[in-house]
Amino acid sequence: MFQNMLYINGILLTFKYYAIKQMLNLNSQQPKALAAEPVWKILIYDRVGQDIISPIISIKELRELGVTLHVQLHSDRDSIPDVPAVYFCLPTDENLDRIQQDFSNGLYDIYHLNFLAPITRSKIENLAAAALHAGCVANIHRVYDQYVNFISLEDDFFILKHQQSDQLSYYAINRANTRDEEMEALMDSIVDSLFALFVTLGNVPIIRCPRNSAAEMVARKLEKKLRENLWDARANLFHMDATQAGGGVFSFQRPVLLLLDRNMDLATPLHHTWSYQALVHDVLDLGLNLVYVEDEATAASAGARKKPKACDLDRNDRFWVTHKGSPFPTVAEAIQEELESYRNSEEEIKRLKTSMGIEGESEIAFSLVNDTTALLTSAVNSLPQLMEKKRLIDMHTKIATAILNYIKARRLDSYFEIEEKIMSKQTLDKPLLELLRDAEFGQPEDKLRLYIIYYICGQQLPESELERLREALQAAGCDLTALAYVQRWKSIMNRSPSISQVTQYEGGGTRTVSMFTKLVSQGSSFVMEGVKNLVVKRHNLPVTKITEQVMECRSNAETDDYLYLDPKLLKGGDVLPKNRAPFQDAVVFMVGGGNYIEYQNLVDFIKQKQTSNVHRRIIYGASTLTNARQFLKELSALGNEIQTPATS
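All of these numbers come straight from a predicted model, not from anything done at the bench. (Residues numbered from 1 in each chain as written. Predicted model: local features only at pLDDT ≥ 70, side-chain atom pairs only at ≥ 80, totals over all residues. Heavy atoms only, no water.)

### Quick word on helix α15 (residues 383-410)
Each α-helix winds once per 3.6 residues, and so residues spaced three or four apart point in a common direction. Taking 1.5 Å per residue, 28 residues should reach 40 Å; α15 reaches 40 Å between its end C-alpha atoms and fits that length. Positioned one or two residues after α15, Arg-411 has a phi angle of 55 degrees, which is positive. (Helix = DSSP H or I, 4+ residues; strand = E, 2+ residues; numbered from the N terminus. Expected span 1.5 Å × (residues − 1).)

### Things to note about the confidence of the model for the protein
When pLDDT drops low, the exact placement of atoms in the prediction is not to be read closely. Averaged over every residue, the pLDDT of the protein is 86; residues scoring 70 or more account for 83%. Segment residues 1-9 is flagged for pLDDT under 50; beyond a separation of four residues in sequence, or across chains, it makes twelve contacts in the model. (pLDDT = per-residue confidence, 0-100. Contact = heavy atoms within 4.5 Å.)

### A few points about the pattern of salt bridges
Once the charged atoms of two side chains with opposite charge are near each other, the side chains can pair. This model, assessed by the stated rule, comprises 37 salt bridges. Between Arg-262 and Glu-598 there is a salt bridge, and its shortest N-O distance comes to 2.6 Å. Residue Arg-262 is located in the loop between β9 (256-261) and α10 (276-284), and its partner Glu-598 is located in helix α25 (residues 596-609); the two are separated by 336 residues in the primary sequence. Arg-449 serves as the salt-bridge partner of Asp-282, at 3.2 Å between the closest nitrogen and oxygen. Highlighted residues: Asp-282 in helix α10 and Arg-449 in helix α18 (residues 444-457), separated in sequence by 167 residues. Here Asp-282 matches Arg-449 in class, with each residue buried. Overlapping salt bridges bring together Asp-282, Arg-410, Glu-445, Asp-446, Arg-449 and Arg-629 as one network. (Salt bridge = Lys/Arg side-chain N within 4 Å of Asp/Glu carboxyl O. Buried < 20%, exposed > 50% of the residue type's maximum accessible area, 1.4 Å probe, protein only.)

### Looking at the packing of α15 against helix α16 (residues 412-423)
Close contact between α15 and α16 brings their axes to 6 Å; oriented N to C, the two are set at 70 degrees. Taken together, the axes of α15 and α16 lie roughly perpendicular to each other. Between α15, through Tyr-406, Ile-407 and Arg-410, and α16, the contact on the second element is made entirely by Leu-412, Asp-413 and Tyr-415. Along the lines of polarity and charge, the residues of the contact of α15 with α16 split into four nonpolar, no polar and two charged. (Axes fitted to C-alpha atoms, helices over the stretch in contact; angles between N-to-C directions. Parallel < 35°, antiparallel > 145°, perpendicular 65-115°, else oblique. Nonpolar A, V, L, I, M, F, W, Y, C, P; charged D, E, K, R; others polar.)

### Some thoughts on the nonpolar core
Leu-43, Val-280, Ile-399 and Ile-403 are the most contacted members of the largest nonpolar core, which has 83 residues in total. Among the elements that take part in this core, α15 stands out by supplying eight residues, more than any other. Not counting residues within four places of it along the chain, the set of residues in contact with Ile-403 comprises Tyr-276, Leu-279, Val-280, Val-283, Leu-284 and Phe-328. (Core = buried A, V, L, I, M, F, W, Y, C linked by side-chain atoms within 4.5 Å.)

### Some words on the sheet that holds strand β8 (residues 206-209)
Read across the sheet, seven strands follow the order β6-β7-β16-β15-β9-β8-β14 without closing on themselves; strand pairing throughout is mixed. Each edge of the open sheet carries a strand with a single partner, namely β6 (151-154) and β14 (563-565). Pairs of neighbouring strands in the sheet enclose a mean axial angle of 20 degrees, with direction left out of account. Sheet analysis places strand β7 (residues 157-159) next to strand β16 (residues 617-622), joined by three bridges and oriented parallel. When the sheet's bridge partners are listed, Phe-158 is paired in β16 with Gly-621. The sheet strands contacting helix α8 (residues 180-201) are β7, β9, β15 (585-591) and β16, and the helix crosses β15 at an angle near 160 degrees. Sheet contacts for α25: β6, β7, β15 and β16; angle to β16, the most-contacted strand, approximately 175 degrees. (Pairing = 2+ DSSP bridges.)

### Notes on the sheet that holds strand β3 (residues 84-89)
The sheet built from five strands is open, its strands ordered β2-β1-β3-β4-β5 with parallel pairing. A single partner strand is all that each edge strand has here, and the edge strands are β2 (67-72) and β5 (140-145). With direction set aside, neighbouring strand axes in the sheet form an average angle of 15 degrees. Where strand β4 (residues 110-115) lies against β5, five bridges are found, and the strand directions are parallel. Within β5, the residue paired with His-112 across the bridge is Arg-142. Across the sheet, helix α2 (residues 12-24) touches β1 (41-45), β2, β3 and β4, and the angle it forms with β1 is around 125 degrees. This element, helix α5 (residues 93-105), spans β3, β4 and β5 of the sheet and lies at about 175 degrees to β4.

### Quick look at the packing of aromatic side chains
The final tally for this structure, using the stated rule, is 20 aromatic pairs. Between the aromatic rings of Tyr-87 and Tyr-108, the centroid separation amounts to 6.4 Å while the plane-to-plane angle is 75 degrees, which identifies the pairing as edge-to-face. On the criterion of sequence distance, the pair formed by Tyr-87 in strand β3 and Tyr-108 in the loop between α5 and β4 is long-range, its members being 21 residues apart. With respect to class, Tyr-87 is no different from Tyr-108; both count as buried. One aromatic cluster is present, built from ring pairs that chain together Tyr-87, Phe-103, Tyr-108 and Tyr-111. Against the face of Phe-195 rests Lys-225, its NZ or CZ located 5.2 Å from the ring centre. One Lys or Arg, Lys-490, reaches over the ring of Tyr-455 and ends 4.6 Å from the middle of that ring. (Phe/Tyr/Trp six-rings, centres within 6.5 Å; stacked < 30°, edge-to-face > 60°. Lys NZ or Arg CZ within 6 Å of the ring centre and 35° of its normal.)

Quick look at the structure:
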């Protein structure tokens, strides 16, 4: 039953939810008789623990699980006796010092310590000594290594860090003056989180990755860590692996872990997008499924400061789940249809009340309704769902309106259309130079993104043309620091034919359909005048093309040379074996930062591959999640290092 539910509801969020729920139930199976009466407790987490929990469990769900108070580990806390304290944090020296301080101060009577990553023997011994000194050994009921040090944003999307994500960023991996020990620590951090991911999933993957890259460093280290665990009879965490009787997450076939380096594709992270989720991330800085939108209602009075309103975009929001991958015009029309549906339901309730002589909105008026009036009873019972539907409609209207304002102000529809033409090698309607010189055409950042995509996708562009374009960018107020790094990157890519061939762009292009007829006819609040109703043609991004080739085990020059590592083999090679069966499941991980554009492209690809007999899955992951503005800053920092080399 549990296994079937996983297939329906997804993988990562479901497993993570049950792992955290088990922890909040004090790591014990709760009898069904007590399910309605949870044990009241306090949750104490560090910043990383908070990032892991917040996309999965809402405050309302925490209450239902018995959490009466949730606080930061390093905040000032009062003593609360007789209530279990559940700690959820990394076993860092700073965190352990604070836990030892709590022991000394006798803050709680019952301690349940849950570490996101394994705690070393020396640290656990120091913790035990501190507990002995404080006289609270009997108060420590459980100590657990949870192996959950990664952030699940979707059922099929995870990242490793949110706060302090610059530690695992593209800049951190590629900067010139990184010391060997810093790079080792960075790679170990990625490996530890990927190991935790596969412990959570209960499967040992086969690893594929390009040679001579950061991805290879991660692959070698991860293979070693997995193999050592598998061959340790006492500490083996994969007893329920899919190839054994228990069954894992991924059917009976092992998944492939495809490790890729961000250097394979610098154009996609800078690409202007047209899908709802990616637009929210690009222009509104979506983070941990939470976005802040300025509430114009609070700024009605002159001079009032606009107050941002938090909007939760999670899997409980049916509209978001359905439309997050849809083009923006489709989303605007869907919001209007939802609003019409709500108004019709509201009118039906009012009509029923009027026909029965009940005009008031008070509870007394409702209580006068005879229980036999089934229609009105049904309508009244549906009021909570209607109110929730209205809240979601209002929220998405607010978000979509904010996005629409950005689209109009920055001409984002035109940028998306032009970049799609550049990627698909189509002829532009206007010369690029003319567009860059147009003062009304977007912001300097948008123009720089467009130029870099043109430069990356172009073949043998004349230097004189590039010089004129750079002069136009400077005149528009663009900071050209990033170009020094992009030029160096492209020269390296051109010297690696196998890499440059696999990352050839094949943008699908766009076509314009009738201009928002539904929105105009229904009197929508969205004023779409001047915005193009673009329909995107289906195409695969470089990451998706490589994923398809690896999953199908097709023989081709680009991926045949990829490492093939099997942690289950005691003395495994790194060459692809012959007659390998295609993979049904894949985990695609981008070292150096990912984005919602690639995620959505993989989602669309795997939907096309589903058949009645074959159920395939792809989980997309990245060391960090960056939007175009953040990625441009990283490129500028790398370009600055080239222009002003660090002195020894």
